[in-house]
Amino acid sequence: MITLALYNIKGGVGKTAGCVNLAYLAAQEGKQVLIWDLDPQGAATFYFEETAKIKGGIKKLLLGEAPLADAIKPTAFDNLSLLPADFGNRHIDGLLDDLKQSKKRFKSLVAQLQGHYDYLFIDCAPGVGTVSEAIFAAADVVLFPTIPTTLSIRTWEMANTFFTDNQLSTNKLYAYFSMADIRKTMHNDTMAQFYRNKQFLKNYIPYLSTIEKMGSHLAPVAHFAPSSYAAQCFRDLWKELKKQLG
Ligand SMILES: Nc1ncnc2c1ncn2[C@@H]1O[C@H](COP(=O)(O)OP(=O)(O)OP(=O)(O)O)[C@@H](O)[C@H]1O
Ligand SMILES: [Mg+2]
């Protein structure tokens, strides 16, 4: 199983859009895919028309008192399952803080899924805390959707520093440009500058209204608009990412 976390300290950069669309493409290829919505906002959960609630609460799952499998729901799409958000997730940083060896514990939770799924996609909440640190340690790939502006690049650089300072391998850090508008000089210049960095994937996701429409279709773009430019962009990105994963 390959664990990919869609993460950025910044909010509203396209983490959930990336998570849902890339996971859907993997599932369409016949792979068994699970999305774990670890953002209490529950946007990924909403896209799959699920309730942001875990029976018995997230705490039991984290403590290993209930198996993750009990909380997993099928989606309307073949091979794609969902571990929904729980509004109780908003305390999950505190819960993990109280646990000894929280990173190890989180890693062993993820290990429960081994053998059942080919890909685990984690939709992370914005910000940085105990949960994101646990995710960084457990994930094989931490993928940063990055809007090509100076401030977004700064958060990317902060993440790289954080990884280095915490003995995490920066080899698992990848980024792609999200919501890019190549008519904007700043976007163009930033992209040109950062493409020299090998951690940045070459394919990018432009700012496209088709992607915004996921909220009304409640489906990935490749499902409701398979021949759209947006769907093609996600397919190209997924292809490139798979190549990187080997
Ligand atoms: N490439 C894009 N083009 C246009 N709209 C987009 C694009 N990507 C995402 N959006 C829209 O922008 C909003 C934020 O996107 P998304 O929810 O994926 O970001 P996020 O990083 O997960 O946000 P949060 O930090 O709140 O979890 C959503 O309404 C989404 O539909
Ligand atoms: Mg999100």
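Preceding this section is the structure that the text describes.
Residues numbered from 1 in each chain as written. Chains lettered and ligands numbered in written order. Predicted model: local features only at pLDDT ≥ 70, side-chain atom pairs only at ≥ 80, totals over all residues. Heavy atoms only, no water.

Draft legend 1. Seen up close, the side chain of Ser132. With respect to the helices and strands, the residue Ser132 is situated in helix H6 (residues 130–138). Assessed through its relative accessible area of 8%, Ser132 is described here as buried. Polar side-chain contacts of Ser132 include one of 2.8 Å to the backbone nitrogen of Gly129. Leaving out residues up to four positions away in the same chain, Ser132 has contacts with Tyr7 and Gly127. (Helix = DSSP H or I, 4+ residues; strand = E, 2+ residues; numbered from the N terminus. Buried < 20%, exposed > 50% of the residue type's maximum accessible area, 1.4 Å probe, protein only. Polar contact = N/O pair within 3.5 Å; in protein donor to acceptor, adjacent residues only side chain to side chain. Contact = heavy atoms within 4.5 Å.)

Draft legend 2. Looking closely at helix H8 (residues 185–194). Restricting attention to buried positions, one finds in H8 the residues His187, Thr190, Met191 and Phe194. Down the axis of H8, the buried side of the element spans an arc of 100°, and every buried residue falls inside it. (Arc of directions from axis to C-beta.)

Draft legend 3. Structural view of the sheet that holds strand S5 (residues 119–123). The mixed open sheet is built from eight strands, whose spatial order is S3-S4-S2-S5-S1-S6-S7-S8. Where the open sheet ends on each side, the last strands, each with one partner, are strand S3 (73–74) and strand S8 (205–206). (Pairing = 2+ DSSP bridges.)

Draft legend 4. Examining the site of ligand 1 more closely. Close to ligand 1 lie 18 residues, the nearest being Val13, Lys15, Thr16, Ala17 and Pro206. Between Gly12 and ligand 1, the recorded distance is 2.9 Å, taken from a backbone N or O atom to an oxygen atom. Taking Thr16, its main chain carries an N or O atom lying 2.8 Å from an oxygen atom of ligand 1. When isolated, ligand 1 has an accessible area of 620 Å², and the protein chains bury 82% of it. Placement of ligand 1 is best described as lying within the largest pocket. Of the residues forming the shell around ligand 1, the biggest block, three residues, is contributed by helix H1 (residues 15–28). Along the lines of polarity and charge, the residues of the shell around ligand 1 split into ten nonpolar, five polar and three charged. (Near = heavy atom within 4 Å. Areas by Shrake-Rupley, 256 points an atom, 1.4 Å probe, with all protein chains shown as cover. 1 Å grid on protein atoms, 1.4 Å probe; cavity = no way out; pocket = protein on both sides within 12 Å on 5 of 7 lines; lining within 4 Å. Sits in = over half its atoms within 2 Å of the grid points. Nonpolar A, V, L, I, M, F, W, Y, C, P; charged D, E, K, R; others polar.)

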